[in-house]
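Fold and contact review
Listed below are the residues making up each chain.
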Amino acid sequence: MEHRSLESTSILTVHQEWPGLKQGFRVRRWGIRNGKPFEEVVHGITSLPPEKVDAQRLLELVREHWRIENSLHYIRDVTLGEDGCQVRCGQAPQVLAALRNVAVHVLAQVDTDNHAQATRRLAARFHEAIDLLTSPM
């Protein structure tokens, strides 16, 4: 069980010379997690003006951001080891990120419960991996 609330303000834009800054916000989450009560407060800023995006819509956008963060980025970071990669020079980091994105797409085509299982399956079945890579999607 989790509850969320969001408070937003545009008062930050009066004191900052930051082009595009339209709102600041605070998200408060509270409830029961793993049988224990919890409370978290996070802050953010956005270029979305309050007349176009009210607090309710902003909360929806924050939740959508974390849904993406917890799915795609988790796969890239944990399953594909992106955070542990020590490549830092030239265009190599961008190239590796693009290849990881391709890998996420390819792994999604494998009939398994998750990307980690798909990785293990294709590692053990080289010909299946080659067929998947060479067939039209």
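Preceding this section is the structure that the text describes.
Conventions we followed
- Residues numbered from 1 in each chain as written.
- Predicted model: local features only at pLDDT ≥ 70, side-chain atom pairs only at ≥ 80, totals over all residues.
- Heavy atoms only, no water.
- Phe/Tyr/Trp six-rings, centres within 6.5 Å; stacked < 30°, edge-to-face > 60°.
- Lys NZ or Arg CZ within 6 Å of the ring centre and 35° of its normal.
- Axes fitted to C-alpha atoms, helices over the stretch in contact; angles between N-to-C directions.
- Helix = DSSP H or I, 4+ residues; strand = E, 2+ residues; numbered from the N terminus.
- Parallel < 35°, antiparallel > 145°, perpendicular 65-115°, else oblique.
- Contact = heavy atoms within 4.5 Å.
- Nonpolar A, V, L, I, M, F, W, Y, C, P; charged D, E, K, R; others polar.
- Patch = residues over 30% accessible without salt bridge, like charges linked within 9 Å, V, L, I, M, F, W, Y side chains within 5 Å.
- Areas by Shrake-Rupley, 256 points an atom, 1.4 Å probe, with all protein chains shown as cover.
- Salt bridge = Lys/Arg side-chain N within 4 Å of Asp/Glu carboxyl O.
- Buried < 20%, exposed > 50% of the residue type's maximum accessible area, 1.4 Å probe, protein only.

**Digging into the packing of aromatic side chains**
Applying the stated rule across the entire model yields zero aromatic pairs. Sitting over the ring of W30, R28 keeps its end group 4.1 Å from the ring centre. For the cation-ring pair, R33 lies above F38, with the distance from its terminal atom to the ring centre recorded as 3.9 Å.

**Remarks on the packing of helix α4 (residues 115–124) against helix α5 (residues 126–134)**
Closest axis-to-axis distance for the α4/α5 pair is 5 Å, and the angle between their directions is 110°. Judged by the angle between their axes, α4 and α5 are roughly perpendicular. Here R121, L122 and A124 of α4 come into contact with α5, specifically with F126, E128, A129 and L132. The class makeup of the residues in the contact of α4 with α5 is five nonpolar, no polar and two charged.

**A word on a nonpolar patch on the surface**
There is a patch of nonpolar side chains on the surface, built from F126, I130 and L133 and spanning about 310 Å² of accessible area. According to the relative accessible area criterion, I130 is partly exposed, its value standing at 34%.

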